[in-house]
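# Results of the structural survey
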Amino acid sequence: MATEERLTSGEELDDQLAQLLRVESFDPPAHFKEHALLSDPAIYEQAAADPEAWWAKQAAMLDWDTPFEQVLDDSKPPFYKWFLGGRLNVSHNCLDRHVAAGRGERIAYHWLGEDGSEREITYADLLAEVERFASALKDLGVRKGDVVGIYLPMIPEVVVAMLACARIGAPHNVVFGGFSAEAVRERMEFSDAKLLITVDAAARKGKVAPVKERVDEVMGDLASLQRIVVVRSKGVPCEMKAGRDVYYDEVLAAADPKCPAEPMDSEDPLYILYTSGSTAKPKGILHTTGGYLTGVAATHRYAFDLKADEDVYWCAADVGWVTGHSYIVYGPLANGATSVMWEGAPDYPNKGIWWEIVERYKVSILYCAPTAIRACIKWGAEWPNGHDLSSLRLLGSVGEPINPKAWLWYHKVIGHERCPIVDTWWQTETGAIMITPLPGVTRTKPGSATNPFPGVVADVVDESTGESIEQGQGLLVLKRPWPSMLRTLYKEEERYVNAYFNRFGPETYVVGDAARRDADGYIWVIGRIDDVVNVSGHRLSTAEVESAIVAHPDVAEAAVIGQHDEDTGQAIVAFVTLQGDLEGDEREQESIRDTVAERIGKLARPKRIIWTDDLPKTRSGKIMRRLLRDIAEGRELGDVTTLRDPEVTAKLEARIGELRAAEE
Ligand code: WT7
């Protein structure tokens, strides 16, 4: 599109989007289809006819030390095993084999620091540092099967740490840098981590926030944690506990530069990643080796149409989430891709930084979350319009439903109507993308993740009978095992069965989302049906936030819900009863928010806190969150006869009415 035709004023843009809104679907652009890895819809039938053969073919693209003998063992559902008898190492597949094939000089990551500093890391560089750090971990006493915690910001060392663990068979447990030290401690305790890799301090929009110091405040009494490795990233002095703490650069310098990759059983654990569930205790999602790598490599290749020797790929997520594990680290590296890694936020040093990065590195594939797109809409099209985005050829979305307006803005303002959009639905548990368009095959509809990836069987079913709903709304389920599926919840096998397979038996994985299927069979994911809230694509548990709020000394009781929010998708709303005669005011609200930030992280702070004398409860004393959700959204309340005290809801409705009036 010529520059002069580009959108300028907000009004013009709204007009153009309104016009586009009338277009219901978009075919893959002819030029894209022509060069796409997959362009024939027959791929779906081929995979469906023999899913095991399809996945075996994907697995065969990896480098196996010992080839697998059996593709799938489904004799004990819901405990599935993939690629039995096979042995391989993930770090070997991500590094050594590319270097051995003469691709050592290819850039694995263009890393850009918040202060503008750059590091170009080749596959050979990455391999050398991973080997050294893997040796160092061994020197520090880490053995195969030992859990290693990682609490690092978006710096190259986080990738090194993950791959070094994979190289020696030590499952990593990465905690998102935005979580509090308290949350890290808890996750280290649940997983019995032996060693933690962290950092002196992290960049936060021009400031430097201490990290090691915070870790020290909470980690002291955790006996299982024997060692802490500290990356010196920002030059902030740290207190080092003798016998426990060591500097990353020092152990690296002392380590053997060679550390051969340990061949692992296909079903050996690769990592644990804690995510929020329906109760306050997070779930330790366990992923294994062969199936996981097969799933992330295949989906990364085909959903993004990756051409490793031409593309510059950028997944603008944080490595601390599963999106980062699968699509910043393992998928792209397994495929030998060149990626961008950005240390900072989307609005610092200015709101055009993302587009500056796209222009600077000639990014061709961009993968981000709808919440970021909505923020960009708010900031205005002049930011992206100020940069050359002509390198882009494919756009991806992940983490939450993308509203059609955001989809169309992404399509028009970022993709210049030239780039297909892949709206990818998946979860921490699924390990890899499950529902997505194939960009050279699928006609897309703004707001729909479209169809399951080849080899995946998804269905929308009636919530009570479990029968397929051909057209209409129901529960989203996955009906066949897939290679990258979680194998269990770490140390909580029973919870694994109960959380996902209780409703329709051990062969139907219940996702926890509601979805709608349209007349063309397209799937539209609506959102969570459990007590999980999605704030800016970040998954949080209402129970976890509640338990953080009641930890505040002034609080007697709390109930937390997710409320629809224009910017963040959902926002956290807390109904709080204070102790005795305490009166709620703004200071008290801030103090409660601080408590939540300390226990979980800033991202979990409630946007709204609503004071109440009582909460709607059933006669058995269970808080009726459904009613709170209806009250917050201003919906009809329906049946309130099971309430212990029906008066409570009337009072709350009046209170919300007052707050609304005050906000307007
Ligand atoms: C939940 C999983 C997938 C990596 C990031 C989130 C929601 C995710 C989509 C999408 C609609 C989506 C679902 C899902 N979700 N992607 N494309 N459309 N909803 O992983 O933290 O495990 O959260 O995110 O509700 O269940 P997660």
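Residues numbered from 1 in each chain as written. Predicted model: local features only at pLDDT ≥ 70, side-chain atom pairs only at ≥ 80, totals over all residues. Heavy atoms only, no water.

Moving on: the overall build of the chain. Check the secondary structure of the chain and you find 21 helices and 30 strands. For a compact globule of 664 residues, the expected C-alpha radius of gyration is about 26 Å, and the chain comes in at 25 Å, within 12% of that figure. Among the 664 residues that make up the chain, the fraction classed as buried is 60%. Within the chain, contacts between residues separated by at least 24 positions form 71% of all contacts whose residues are at least 6 apart in sequence. Here the chain displays about 26200 Å² of accessible surface, and carbon together with sulfur accounts for 47% of that area. (Helix = DSSP H or I, 4+ residues; strand = E, 2+ residues; numbered from the N terminus. Rg over C-alpha atoms; globule rule 2.2 N^0.38 Å. Buried < 20%, exposed > 50% of the residue type's maximum accessible area, 1.4 Å probe, protein only. Contact = heavy atoms within 4.5 Å. Areas by Shrake-Rupley, 256 points an atom, 1.4 Å probe, with all protein chains shown as cover.)

Here the focus is helix H9 (residues 212-219). Of all the residues in H9, the buried ones are Lys212, Val215, Val218 and Met219. Around the axis of H9, the buried residues are gathered within 130° of arc, so they sit on the same side. (Arc of directions from axis to C-beta.)

Attention now goes to the sheet that holds strand S22 (residues 472-478). Read from one edge of the open sheet, four strands run S21-S22-S24-S25, paired in antiparallel fashion. Of all strands in the sheet, those with a lone pairing partner are strand S21 (458-461) and strand S25 (523-528), marking the two edges. Between one strand axis and the next, the sheet turns by 45° as a mean value, whatever way the strands run. Bridge count between strand S24 (residues 509-517) and S25: five bridges; the pairing is antiparallel. Counted as the bridge partner of Arg517 is Ile523 from S25. (Pairing = 2+ DSSP bridges. Axes fitted to C-alpha atoms, helices over the stretch in contact; angles between N-to-C directions.)

Of all the bends in helix H5 (residues 90-103), the greatest measures close to 35° and is centred on Asp96. Put simply, Asn89 is the residue that caps the front of H5, since its side-chain oxygen is 2.7 Å from the backbone nitrogen of Ser91. (Bend = angle between axes of the 7 residues up to and from the residue. Polar contact = N/O pair within 3.5 Å; in protein donor to acceptor, adjacent residues only side chain to side chain.)

Taken together, the side chains of Asp581, Glu583, Asp585, Glu586 and Asp613 make up a negatively charged region of the molecular surface. Mapped onto the elements, Glu583 comes out in the loop between strand S29 (569-578) and helix H19 (586-599). Take Glu583: its relative accessible area is 67%, and that puts it in the exposed class. (Patch = residues over 30% accessible without salt bridge, like charges linked within 9 Å, V, L, I, M, F, W, Y side chains within 5 Å. Salt bridge = Lys/Arg side-chain N within 4 Å of Asp/Glu carboxyl O. Lys, Arg positive; Asp, Glu negative; His and termini not counted. Charge placed at Lys NZ, Arg CZ, Asp CG, Glu CD.)

Moving on: the nonpolar core. Core analysis: the biggest nonpolar cluster contains 168 residues, and Leu126, Phe133, Ile197 and Tyr330 have the highest contact counts within it. The element best represented in this core is helix H7 (residues 156-168), accounting for 10 residues. Leave out the neighbours within four places in its chain, and Ile197 touches Phe133, Leu137, Val148, Gly149, Ile150, Tyr151, Leu152, Ala161, Val229 and Val231. Listed in part, the 35 residues of the second largest apolar core include Leu112, Cys368, Leu392 and Ile402. (Core = buried A, V, L, I, M, F, W, Y, C linked by side-chain atoms within 4.5 Å.)

Many structure descriptions define interface size as the accessible area lost when the parts assemble. Here the chain is described as being made up of domain 1 (10-86 + 284-526), domain 2 (90-103 + 123-262) and domain 3 (531-663). Each partner contributes to the roughly 490 Å² buried at the junction of domain 2 and domain 3, and carbon and sulfur atoms together form 55% of this total. Applying the counting criterion to the domain 2 and domain 3 interface returns one salt bridge. When the shortest N-O distance is used, the salt bridge between Arg187 and Glu544 registers 3.7 Å. In this assembly, domain 2 and domain 3 are joined by three residue pairs in polar contact (both at pLDDT 80 or more). Classifying every residue of the side of domain 2 that touches domain 3 by side-chain character gives three nonpolar, two polar and two charged. (Domains from an automatic or database assignment. Buried area = accessible area lost by both parts, 1.4 Å probe. Nonpolar A, V, L, I, M, F, W, Y, C, P; charged D, E, K, R; others polar.)

On to the packing of helix H4 (residues 51-59) against helix H11 (residues 290-303). For the pair H4 and H11, the least separation of the axes is 9 Å and the interaxial angle reads 90°. With respect to H11, the element H4 is oriented roughly perpendicular. Contacts between H4 and H11 involve Trp54, Trp55, Gln58 and Ala59 from the first element and Thr294, Ala298, Arg301 and Tyr302 from the second. Class assignment for the residues of the contact of H4 with H11 results in five nonpolar, two polar and one charged. (Parallel < 35°, antiparallel > 145°, perpendicular 65-115°, else oblique.)

The next thing to look at is the packing of aromatic side chains. Aromatic ring pairs are reported here in terms of the distance separating the ring centres and the angle at which the planes meet. Within the structure shown, the criterion is met by 30 aromatic pairs. Measuring from ring centre to ring centre gives 6.1 Å for Phe190 and Tyr274, while their planes differ by 45°; the resulting arrangement is tilted. Of the two residues, Phe190 sits in helix H8 (residues 181-191) while Tyr274 sits in strand S14 (residues 269-275), which places them 84 residues apart along the sequence. With a relative accessible area of 23%, Phe190 lands in the partly exposed category. Members of the aromatic cluster, joined through ring pairs, are Phe79, Trp482, Tyr496, Tyr500, Phe501 and Tyr509. Lying across the ring of Phe179, Arg187 places its NZ or CZ 4.8 Å from the centre. Lying over the aromatic face of Tyr302, Arg301 brings its terminal NZ or CZ to 5.0 Å of the ring centre. (Phe/Tyr/Trp six-rings, centres within 6.5 Å; stacked < 30°, edge-to-face > 60°. Lys NZ or Arg CZ within 6 Å of the ring centre and 35° of its normal.)

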